[in-house]
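Per-entry structural report
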Amino acid sequence: MDQIEVIVVDQSGKTAGVVERIRRMVHDGTLREGDPLPSTRALAAELGVARGTVVAAYDQLDGEGWIRTRHGAVARVVASAGTGDVASMGGRGGAVGDLLPASDPGATAMAAARTIDCRPGVPAVTAIAQRDWRAAWRAAADAPLRNAVADPLGTVELRAQVVAQLGLSRGFAPSVDRVLLTAGTSEALSLVTEALRVHLGRAPVFAVEDPGYRTGQRAVLSAGGTVVGIPLDDDGMDLDALTAASPVDVVLVTPTHQYPLGSVMPVARRQRLLAWAAATGTLVVEDDYDSEFRHRGSPVPALAALDAEGVVLHVGGFSKTLDPRLRCSYVVLPRAAGGPVWAGAVAGVVDAVLAARRARGAVVAEPVQIALAHLLRTGALRRHLGRVRRDYTHRRARIAARLDGVAGLEARALTGGLHAVVVWSGPATGQEVAARMAGAGVLVSTLEEYGIAPGSTPAGVVLGYGAVTVPELDRALDALIASVERTETVA
C-alpha cells in the first residue's frame, strides 16, 4: 500500500481523484504492469473515503484498460508506463509522438515499435475470467469418450442453451430442432447458399447491403450464389431499391446494428420487409452478429422475433461475445408457418439446409461445444458479457469525447457493437488516412473496403475498439486526427 498512500483525494470529486492519481502513477512508472493494488476496503480505510468510492474508481480504471479486476482476486495494473498521455484524458490529446516523456527515448522507441491493431472484428478475448474459462475446458475434458460420430447439427445440450439464451436476450425461443451449428457466419452463409442452389437448381440471388459485410458476400459467391448490392439510408437497407432490384431469392441484412455503418432498422421498416418477403416468397437472412452490445437506447429484439410468417433465417454466434477462433455460430431455421407464404426460395428451405448440413457433416469440435454449453449453463458467459459491455461502453464514450469538436471529423456507429466509423469532410481518402495511420503504428480498415458500387461509401475508416485499452485507443485517435489533418494539408 505504500505506493498508494500518497494519494490526496479532492473531496469535491472523490472517485475522480482516486482515478486520476492511479492513472498518473501508472504513467510515471510508480505503478508498473503486473503490480498489485490494495483491496478496495484497505484503500478506502487509508484514504478515509467510502469503500464504494474506491470500487467505482477501480471499475472505471478497469473499463478504461489501466487495471484488471477479478472477483476474489487482487486488482493488478495492466497498462504500463508510456501507454497513454494522462494529461490528455480530459481533452483531445497531442500527436502520436507526444504520448511518452521526452526524457525516455528508449520507452519512446518501444512504443513506436508497438503496433495497435484497431481493425474491426476482434472482441476482448482475454477479459473472460480465467477461472470460468478453465472450468469450461475441464468440463470438456471430463466428458466421457464415445465411440460415435458427432451429430452434424451439434450437441443437443449446446443447442438447448442457445435457445435459452435467445429467449432471454433476443425475444424469441425457437424449438431445439430448428437450431444447428456452423463454423462461423461465413460457413452459415455458404451452407444456405449451397442448400438453395441445390433446391432451386440454379444460382440463388442474394440482395445484400451496400456497404456491407464483404466476407459474408464472398462466402455466398464462393458457394455458387450471386449478389446484388442494395443501397442504404439512415434506417438501413432501402426497401424501395430492394423492390426495384427484385426478383431476388434471399435478402441478407444486419438490422440490429448495420455493418459497418451502425444504423438500426426501425420496427416499421422491419415489418414492411417481412410483409414483402412473405408476399414474394423471399428468404430473409438476419445476421445478428453483435446484438449483445447495445450502448445507447433500449435493447432491440431480433427480426426473427417479429416473424409471424416463417421467412427469417437467423444467424448468431460466439465470435463477438467470446473468441472468433472458436469458429462456432448457429443458424435458427424459419418456423414452418405453412400456407401460401411458403413459395419461392422459402419453400423447402428448412429441409434443404438440414440436408446440406448433414452432407457436410459436423464442423464444430464436440469439446468446443461442451465448453460453450458449460459457459452458458453456469452463467459464466452472462457474467462475461456484463463485464465487457461496461468496458466497451467506456471505450465508445472515449471515442465520442475525443472526436467531439474536432473540426471536420464525425464518429458514427456508436449506438452498439465493437467498432466506430469515422468520416471527414475534407479531400483525403480512406486509403490515404489508413496508410498514414499504419505509418504511426495503428492499423484500421477503410470504409471503402465495404462498398460494392463505386461511390457507395464516403471517405472514412472503421476502427475496432473491442481488443484495445483506453490508452491504446487514445494513441489510435491521436494518429487518426493527425493523419486526416496531415493528408488534408498535403492535398
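Residues numbered from 1 in each chain as written. Predicted model: local features only at pLDDT ≥ 70, side-chain atom pairs only at ≥ 80, totals over all residues. Heavy atoms only, no water.

Here's the deal with the overall build of the chain
In terms of regular secondary structure, the chain is built from 15 helices and 16 strands. As displayed, the chain offers around 20,100 Å² of accessible surface, 54% of which is attributable to carbon and sulfur atoms. (Helix = DSSP H or I, 4+ residues; strand = E, 2+ residues; numbered from the N terminus. Areas by Shrake-Rupley, 256 points an atom, 1.4 Å probe, with all protein chains shown as cover.)

Observations regarding the sheet that holds strand 12 (residues 409–412)
In spatial order, the strands read 12-13-16-15; together these four strands make up an open sheet with antiparallel pairing. Since the sheet does not close on itself, it has two edges, and those belong to strand 12 and strand 15 (445–446), each with one partner. Of the pairings in the sheet, the one linking strand 13 (residues 419–424) to strand 16 (residues 460–464) comprises five bridges and is antiparallel in character. Opposite A420, over in strand 16, you have L463 as the bridge partner. Helix 13 (residues 380–403) contacts strand 12, strand 13 and strand 16 of the sheet and is inclined by roughly 160° relative to strand 12. (Pairing = 2+ DSSP bridges. Contact = heavy atoms within 4.5 Å. Axes fitted to C-alpha atoms, helices over the stretch in contact; angles between N-to-C directions.)

What to know about the nonpolar core
Counting residues in hydrophobic clusters, the biggest one holds 108 residues, and the most contacted among them are L242, L273 and F318. If you look at the next biggest cluster of nonpolar residues, it comprises 19 residues, including V18, M25, V26 and V77. (Core = buried A, V, L, I, M, F, W, Y, C linked by side-chain atoms within 4.5 Å. Buried < 20%, exposed > 50% of the residue type's maximum accessible area, 1.4 Å probe, protein only.)

Comments concerning helix 6 (residues 156–169)
With 14 residues, helix 6 ought to run about 20 Å at 1.5 Å a step, and its terminal C-alpha atoms sit 20 Å apart, in line with that. Considered for burial, the residues of helix 6 that qualify are L158, R159, Q161, V162, V163 and L166. Where helix 6 is buried, its residues meet strand 4 (179–182), strand 10 (312–317), strand 11 (329–332) and helix 12 (366–377). (Expected span 1.5 Å × (residues − 1).)

Re the environment of A136
With respect to the secondary-structure elements, A136 resides in helix 5 (residues 130–142). With relative accessibility at 0%, the residue A136 sits in the buried group. Along the backbone, A136 and H374 are 238 residues apart, and their C-alpha atoms lie at a distance of 5.5 Å. Here A136 is in contact with A371, H374 and L375, once residues within four sequence places are set aside.

Points about the packing of helix 3 (residues 51–64) against helix 13
One way to put it is that helix 3 packs onto helix 13 with a least axis distance of 8 Å and a crossing angle of 75°. In terms of orientation, helix 3 and helix 13 fall into the roughly perpendicular class. Of helix 13, the residues touching helix 3 (which contributes D59, Q60, D62, G63 and E64) are R387, R390, D391, H394 and R395. By residue class, the composition of the contact of helix 3 with helix 13 is no nonpolar, three polar and seven charged. (Parallel < 35°, antiparallel > 145°, perpendicular 65-115°, else oblique. Nonpolar A, V, L, I, M, F, W, Y, C, P; charged D, E, K, R; others polar.)

Some remarks on unusual backbone geometry
Residues D210 and P211 are joined by a peptide bond in cis, for which omega reads 5°. Along the chain, P211 falls in the loop between strand 5 (205–210) and helix 8 (214–222). The omega angle of the peptide bond from Y259 to P260 is 10°, so this bond is cis rather than trans. Summarising the element assignment, P260 is placed in the loop between strand 8 (250–253) and helix 10 (267–280).

Points about the pattern of salt bridges
For the structure on display, the rule yields 24 salt bridges. With its nearest N and O atoms 2.7 Å apart, the salt bridge here joins R170 to D288. Here D288 lies in the loop between strand 9 (283–287) and strand 10 and R170 lies in the loop between helix 6 and strand 4, a separation of 118 residues in the sequence. Here R170 and D288 have matching classes, each one buried. (Salt bridge = Lys/Arg side-chain N within 4 Å of Asp/Glu carboxyl O.)

Observations regarding helix 14 (residues 430–439)
Residues of helix 14 that are buried: G430, V433, A434 and M437. Along the axis of helix 14, the buried residues cluster in a sector spanning 100°; they form a single face. (Arc of directions from axis to C-beta.)

Observations concerning the environment of L61
Mapped onto the elements, L61 comes out in helix 3. Sequence spacing of L61 and H394 is 333 residues, and the spatial spacing of their C-alpha atoms is 9.7 Å. Leave out the neighbours within four places in its chain, and L61 touches V19, I22, R23, W66 and I67.

Looking at the pairing of strand 9
Among the five residues that make up strand 9, five are buried, leaving the element largely enclosed by the rest of the structure. Here strand 8 runs beside strand 9; their pairing, made up of four bridges, is parallel. Among the inter-strand pairings, V251 is bridged to a residue of strand 9, identified as V284. Once you follow strand 8 into helix 10 and on to strand 9, the crossover reads as right-handed. Note that strand 9 and strand 10 share four bridges and pair parallel. Pairing of D287 across the sheet is with V315, part of strand 10. (Right-handed = clockwise from strand over helix to strand, strands pointing away.)

Focus on the sheet that holds strand 4
Pairing within the open sheet is mixed, and its eight strands lie in the order 4-11-10-9-8-5-6-7. Only two strands of the sheet have a single neighbouring strand rather than two, namely strand 4 and strand 7 (236–237).

Considering the packing of aromatic side chains
Enumeration over the complete set of coordinates arrives at six aromatic pairs. Consider the rings of Y259 and Y289, whose centres lie 5.3 Å apart with planes at 80°: the pair is edge-to-face. Of this pair, Y259 sits in the loop between strand 8 and helix 10 while Y289 sits in the loop between strand 9 and strand 10, and the two are 30 residues apart along the sequence. We note that Y259, like Y289, is buried. Where Y259 meets Y450, the ring centres are 5.5 Å apart and the plane angle is 80°; that geometry is what we call edge-to-face. Residue Y259 is found in the loop between strand 8 and helix 10, and its partner Y450 is found in the loop between strand 15 and strand 16; the two are separated by 191 residues along the sequence. For Y259, a relative accessible area of 12% puts it in the buried group. Looking at Y450, the relative accessible area reads 8%, which means it is buried. Members of the aromatic cluster, connected to one another through ring pairs, are Y213, Y259, Y289 and Y450. (Phe/Tyr/Trp six-rings, centres within 6.5 Å; stacked < 30°, edge-to-face > 60°.)

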